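# Results of the structural survey
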Amino acid sequence: MGDKDIKVFLKEAREQIKNKEFKNALKECKKVLNKDKNNYMALVFCGLSLSELDQPEQAVQAYKRAVEFTPEQVVGWEGLLKFYEKQDGQKFVAHHMEVLQKLMELYKEDASKYFDASSKLAQLQLDQLDLNGAVATLQNQAEFVQNDPIKFKESLGTMIKVLSSQSTLSDAQNVAFKEALEKSMTDNQTPTNMENFKHLIKLLYKVREIDNLLLKAVKMTEIFSENIYPLEWICKVYLEYIAGALDVDTKIFNSIETYFTKLIELSPNSSLGGLAKGAFLWKLKSLEECINTMKSSVESSSSPNFYGLYILALSQFETKDYSAVEVSAAEAAKYTIKVKDDFKREKMENQLSLISIQALYYQSSFDKMERAVSLIESYETQNQGLDYQLITAKIFATVGRADKVEELLFLLKSQVPQHEILVIEALLQKSKKKFKESTELLQQSLVGSADNFEALIILGQLMWEQSEKSSSLPLFLKAAKVNPLHWLPFLYLGHHYAEQGTGPSIGKARKCYSKCLQLNPSNAEAGMALSDIYRTTGCHDENLALLTSVTGGVSASSGVTGWAWLRLGVHYLAVDQPAQAVTALQSALRGDSSSVTCWEALADAYMIRGSYTASRKAFEKVLSLAPDSVYSRLMIAGIKHKLGHYQDAIADYQTLLLTNPDYLPALRGEGESQLALGYSYLDQFVDRNAVDCAESALHVLTRAATVRPGLAGTWRLLGEAGSMLAMLSEEIVEVMVPSKLVKVGGGEECEKMDKQGVMEVAVRCYTKALVLEEDNPGVWHDLALVQAALEQMDKAVQALRKAISLAPRHASLWVSLGLVYARLEDWALAQHCLVRALQLENSALCWTNLGVVYLNLGEQTLANKAFKEAQNAEPSYTRGWTGQALVAEVAGFKSESMDLFRHCTFLGPEPESARGYGDWVCSTMAALEKGQKVEQHNKYILENMFGVVVGVDSLSAYCGRQPGDAVALCQLGVLYEKMGLVRSGYRVMEMCNKLVDKEEEKDKVLTNLGRMLTKLGRCEEAIQHYQAISSTTFYSQVGLAMAHYTVGNYQQAYEAYESCLHWLADNDGLKSHILVAMGSLAYKVEGMQAAKTLLFQSCQLAPTSVRGLFALCVIGVQHSDMNLIEAALSEMVPHETDKRFAPDIAFLRASILVLKGDVAGAKRSLLSFVHKQPWLAKLWSVLSLFLLQNSPRDANAAASLAAKASVMEQSSSPAGEQQDSSSLVLSAIALMMAGDGQASLRQAKIACHQFPHLAHSWAVLAAAARIRNSPSSPAQPWLRSVVEHVRRLGESGGLAEWAERVADSL
C-alpha cells in the first residue's frame, strides 16, 4: 500500500469523524496502521475515535504513541488535552498537567494559546491544592503576557483572586501577592482597584511594612477620597504607634489630625477615628479630652480595642483617676495577645501591671490593698522594674506580709533612698497596730526628707485615726502644699473642717472636697461628703450638678457610683420630685441590691409618689435584709392604713409596740388606724364595732399622750375618738375610759362611761389641744361639733366664730356654723352661713344643707333647686338624693319619692333615706293586702327586686341609730315576720312595745306580738298579749282564736271566732272564712254533722272560702259521700286557674279518681292540669308525689319532675320570699326508690345547702346515706351527727321520733 492509499484512508477517516461515524473512522485508521504502525495522524484519529467510543485506555495509548514518535507536533497534545478535559476523577491528572506544560512550551510563539493553557494549568493545580505551583504558573503567565495589557491585567487579577481567598500565605506567597497587587494598582476609581488597595494595605500590615502601608493608604485616600478604609488603617497604625507597639519613621503622622478628622466626618460611628483622636490628645497631654474621647470610642466599639484601652488606662493614671485605672487596666490586660511583637507585648504587660497595682495602692483602701496583693501574686515577677518592686513592698507592708517585705527590702535597700525604706517599715508597723513605732519611723523619714509626701500623708492618717486630729492638720496642709495634685490631703482637710461645723469651716470643707474631686473624680468618700454638705446647706442646684456629673459617665450596674445614685434620689425627694427619685434609687440598687439604705429610700420615694403597694414591697425587702428595722415596720403599717387595710395596720402597730411599748409614732399610728376603722364601721352602720374602735383608740392615744403630753395632735386625736360616738344612740355607748383622761391624778385603771361622759372627755381633750396650739381652726371646729352634740349651742357658736376668725375662707367652718344656727331654728343666719360657704366652695354638702333649710321654711321649689345643685356637684352624695326624695314626698309624688329612696339604698346606708324606703315598703305591702291598686312598677320592685329584704336592711340601720322611733321598730318587726325571721321580728316588736304609750298604738303592737308568739309556738304568752288589748279588732280576735286553737282551747277558740262572725267581720268573704274555721273546730268537738252545717253556711256566702270546699270534699271522702264530693268539686271549678288553689284542686281530683280505682284517669287528670298551667311549680311537685304514691316504677320520672319543680320554685318565687325544700326532698326520695343511692345522696346534699334550717332536709340526707351504705358496713362518722341534728330541729314531731329510731339502729 503506497502513500497515496494512506492519504485516501486518512481523508476517509477524517470525513467519518466529521459525520460522527467513529467506528468507521476507526476501521480506516486501522487500515493505515496496518501499513504504517507509527503513522501520526492515524494514531491521533484512532485516539479520538476510541475516546468517543468510550474506550479511554486504548484512546490514551493511541495518543501517547502519537506524541512519543512525534513530540513536536501540537495536534496529538491537543487531542490528549481535550480527552483529559472530558474525564472526571483523579486518574489522568498527573499526565493532564504534563500535557498542559508541554503545550505551554509549544505555544511560546502564540501568546493567546499560551495564556489559555497556563490558565488551565493554574486552575488544575489549584484543584489539586498545589498553591505554590499555581502561583508559579500564574507568575510565568503574567511575565509572558506582560506586553499584552489586557491579558496581563487578567493574569494579575487571577493571581490576586487566588491569593486573597487563602487564609494563610507563606512568605514567598506574600511576596508574590504583594508584587501582583502593586503591579495591578492604578489611579482609576474602579471597584477592582479599590479592592486591590485594600488587599495590599492589609498585606503590608501583615508583613510589617508599615511605612509602605501608610504611603499606599495615603495614595488610596487621594484616589478614593470618600472611602473610610485607608483612613481607618492610618488611624489604626497611628494608635498602635502612639501606644508603642509599632516603630514608624514617616512624616505622615505630622498631619494625622487631618486623617482622623476626615474619618470622623465620613463615619461618625467609626471607633478608630475616635481612638486615634484620643491618642493624639494623649500625646498633646490634653488628658481630660483624651479620656472622654477614648471612653466614648471604646464603649461604642463592638469589639474591644487593646491599644485604646491601654492609652485610656495610662491617661487615667496620669490624671490620678485610680478607680478608673483599675477597671481600664484590667480590661486591657485581657487583650494583650493582640500585640504581635513579643518584646513589646511583655513591655506593655509590665506597664499595665505596674499602673494596676499603683492605682490600687493610691486608693488608700485596705480592700484595694488585698486586691493588689492578689494581682501581684498572679503576675510574673521576672523582668519587673524597680518601681514595681517598690510599690509591691509598700503594698505588702500595708497588709502586714512581713516575709514578703523582708525579701523586697533586701533587694531595695541599696537601690532606693533611706526615707523610702523607712516609709515601708512604718507601713509594716502600722499593719501590726504598733502605731507608736510607725509614727517614729515616719518622723525619721521626714527628718531625712521633709517634703516626703507619702510620709506626711501616712503620718497624718495615723494622727487622725488616733483622734489627734489637731496634730494631723499641719501634716495634711503641708502634704497639700508639697503635692497639690494629690487628692488625699484635701479629703482629710475636708473631714477636719466639716467636723468643726461652723459656717466658715463648712465653706472650707466644701472647697477641700471640691478640690479632692477635681483631682480624683471617682473618690466616693469626697463625693458623699460634698453632696451631704450641699444638701444640708440648701445648695440643691450645686448638689444636682455634682451628682449628675458623677452618675453620667458610669453604668449604674457597675456599683461604682451607687453612693451618688442614692444621694441623687434623696436630692429629688428633698425637692419633691418623687418620680425622678424612684429612677435614681432603682439605679443605685442595680449596683448594690442588698443596700438597706437604698431600699428604704426607694420605699419612701414610692410612697411620696403614691405607689403604696410598691412602697410596701420595698419596705418588706428591707425587713428581709434587716429584720429589726423599726422604721420599715412603721411605714408598712402606715401604708396599709393609707390603702384602707385598717385591721392589718392595727395588727402591725401592735406587733411593733410589743418590742417598743413607748414608741410614739406607733402609738399614734395605731390610734389613727383605730379611728379610721371606727369611721368605716360608722359608714357601714356597724355601730358596736365603732364603739370598740373608739375605746381602743382612747386607750392607745392615752399612752401616746403620757409619753409626750406636749403634742397638740395627740390630744386632738383623743378628742376625735370621743366625738366619733356623737351620732350613736345612748343605749349602745358604754366605754371604758382611762382614768387619766377623766380626773386629775388618775392611775392606770379605767372607768366605765356613757355617751355623755365620753363626749365631755372629748371636750377636755380638745381644750388641752387648744392650750398647746391656740390658733388651730380645725381644733376649734371639732370642739364646736362636740359642744353642739352636747346641746351646748352657745359655746358651739362661739367656738365656730373663733375658728372662722382664724380661717375665714374655709367653707366647712361656715357650713358647721350654719348647721348650728339651723338647730337653733335661726333660719336667716343659717341661710347666710351656708350661702357664704357656697361662695367659697361649690360642694354637695353646702347645697344639701341649704336645701334642708329651705325645706324647713316651706320653700319646696328652692329646696328642689338646692338639692339638684348638690346632685350636680357630687352625684354619689347620698344626702342630696335623700333631700330630693323628701321634697317629692312632701309634694305628694309618692312614686317618684320611692324611686329616689330606692336609689339612695344603692348609694349606701343613710338614716333618712333608710327610714323613707322602709316606710314605703310597708305602705305598699299594706295596700297589696287590702287589694288596693298599686302601680305595676312599685309592685315589680317589691316582688322581684328584693324590696322586703332591702327594707329590712334599711330599717335595721336606721333603728340602730334611732332606737326611740317606735313606728320604725314596728315596721321593722313586720318586715322581719314577712321574711320568716319571726324571732328577730318579735325582739324588735318587744322594743317597740316598751316605747309606745298611746292605747291605739299599744293595741296594734300587742296584736303583732300575739301573732308572732303564736308562730313561735308560745301560744300562752300570745293569749296574754291578745287579752291585754283594750279595743278588740277583727285581726286581734282571729289571732286570739288561733292561739286558743293551738293550745287546744277549742271552746274559747270557737267563741272567739263566733264573736268575729257576729261583730267584727264586715264582709261575706271574711265571714265565709270564719265559718270554715268554726267548722274545723266543730268537727273536732261536736263531730261531722255540726261541721257540715257550718261549712254549708260558708259555701252559701259569696265569695266562698275555697278552704271550706276542700273541707267538704275531705269529709265526703272520709264518709264515702259521692254526692258531697261531686258537689264540692263542681264548686271548685271556677278556682282551678287560681295559682293559690290549682295544685290542691288537681291533687284532690286525682285522689278521688284513685279512690274510684281509676289510677290511669287520675294520672291523665294531673297531666291535664300541668299542660294547662305548666308555669306552676307546685303542679309539677304534685305530679311527682302522685307518681311515687301510685306508680313506684316511675320513680326516676318522679325524681326528674321534683327536680324541675325545685328549679321553677327558685326562679319564680318573689325575691325575699321564703321557699321550702319539699321538691328537693321529694326528688331525693324518688331517687332512693329508684335505687340510685349516689344521685339521691347528691340531691339530699343540695337540699341541706339550700335549706339548712329545715329538719326534713337533713332527714333525707341521713336516709340517703343509710341506703347508699350496705347493711354490713359501719356507719359514716358524720351520720350520727346528722341524725342528732334532725332530732334537735324536729323538736317533738314525727321527725324527732324517726331520728331517735335511726340513732338506736346505728
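This report concerns the structure included in the present document.

## Description of helix α46 (residues 844-856)
With 13 residues, α46 should reach 18 Å at 1.5 Å per residue; the first-to-last C-alpha distance of 18 Å fits that figure. Of all the positions in α46, only Ala-844, Cys-846, Thr-848, Asn-849, Leu-850, Gly-851, Val-853 and Tyr-854 are classed as buried. Taken from the residues just after α46, Gly-858 is the one with a positive phi, measuring 85 degrees.

## Observations concerning the packing of helix α41 (residues 755-772) against helix α42 (residues 777-789)
Packed helix pairs are characterised by how far apart their axes lie and by the angle those axes make with each other. Contact geometry of α41 with α42 gives a least axis separation of 10 Å together with a crossing angle of 160 degrees. Compared by their axis directions, α41 and α42 come out roughly antiparallel. Here the hand of the crossing between α41 and α42 comes out left-handed. Taking contact as the criterion, the partners of Met-759, Ala-762, Val-763, Tyr-766, Thr-767, Ala-769 and Leu-770 in α41 are, on α42, Val-779, Trp-780, Asp-782, Leu-783, Val-786 and Ala-789. Across the contact of α41 with α42, the residue classes break down as eleven nonpolar, one polar and one charged.

## Regarding the nonpolar core
Counting 227 residues, the largest nonpolar core has Leu-214, Phe-306 and Ile-311 as the members making the most contacts within it. Once you skip the residues sitting within four places of it in the chain, Phe-306 turns out to touch Ala-332, Tyr-335, Thr-336, Lys-338, Val-339, Met-348 and Leu-352. Judged by nonpolar contacts, the second largest core, of 45 residues, contains Cys-1113, Ala-1162, Ala-1199 and Ala-1202.

## Structural notes on helix α56 (residues 1019-1027)
Cys-1019, Ala-1022, Ile-1023, His-1025 and Tyr-1026 are the residues of α56 that are buried. Relative to the axis of α56, the buried residues are bounded by an arc of 165 degrees and lie together on one face. Residues of α56 that are exposed and point more than 90 degrees away from the buried face comprise Gln-1024 and Gln-1027.

## Considering a negative patch on the surface
Taken together, the side chains of Glu-730, Glu-731, Asp-754 and Glu-760 make up a negatively charged region of the molecular surface. By the secondary structure assignment, Glu-731 is in the loop between α39 (712-723) and β1 (734-738).

## Considerations on the pattern of salt bridges
Here the idea is simple: oppositely charged side chains can pair when their charged atoms come close. According to the stated counting rule, one finds 25 salt bridges in the structure shown. For Asp-652, the salt bridge is made with Lys-640, and the minimal N-O distance between the two is 2.8 Å. Of this pair, Asp-652 sits in helix α36 (residues 646-659) while Lys-640 sits in helix α35 (residues 630-642); the two residues are twelve residues apart in sequence, bridging distant segments of the chain. Take Asp-652: its relative accessible area is 22%, and that puts it in the partly exposed class. Overall, Lys-640 belongs to the buried group, its relative accessible area being 15%. Residues Asp-782 and Arg-716 are paired through a salt bridge, measuring 3.0 Å at the closest nitrogen-oxygen approach.

Each value, and the rule that gives it
Residues numbered from 1 in each chain as written. Predicted model: local features only at pLDDT ≥ 70, side-chain atom pairs only at ≥ 80, totals over all residues. Heavy atoms only, no water. Helix = DSSP H or I, 4+ residues; strand = E, 2+ residues; numbered from the N terminus. Expected span 1.5 Å × (residues − 1). Buried < 20%, exposed > 50% of the residue type's maximum accessible area, 1.4 Å probe, protein only. Axes fitted to C-alpha atoms, helices over the stretch in contact; angles between N-to-C directions. Parallel < 35°, antiparallel > 145°, perpendicular 65-115°, else oblique. Left-handed = near helix turned anticlockwise from the far one by under 90°. Contact = heavy atoms within 4.5 Å. Nonpolar A, V, L, I, M, F, W, Y, C, P; charged D, E, K, R; others polar. Core = buried A, V, L, I, M, F, W, Y, C linked by side-chain atoms within 4.5 Å. Arc of directions from axis to C-beta. Patch = residues over 30% accessible without salt bridge, like charges linked within 9 Å, V, L, I, M, F, W, Y side chains within 5 Å. Areas by Shrake-Rupley, 256 points an atom, 1.4 Å probe, with all protein chains shown as cover. Salt bridge = Lys/Arg side-chain N within 4 Å of Asp/Glu carboxyl O. Lys, Arg positive; Asp, Glu negative; His and termini not counted. Charge placed at Lys NZ, Arg CZ, Asp CG, Glu CD.

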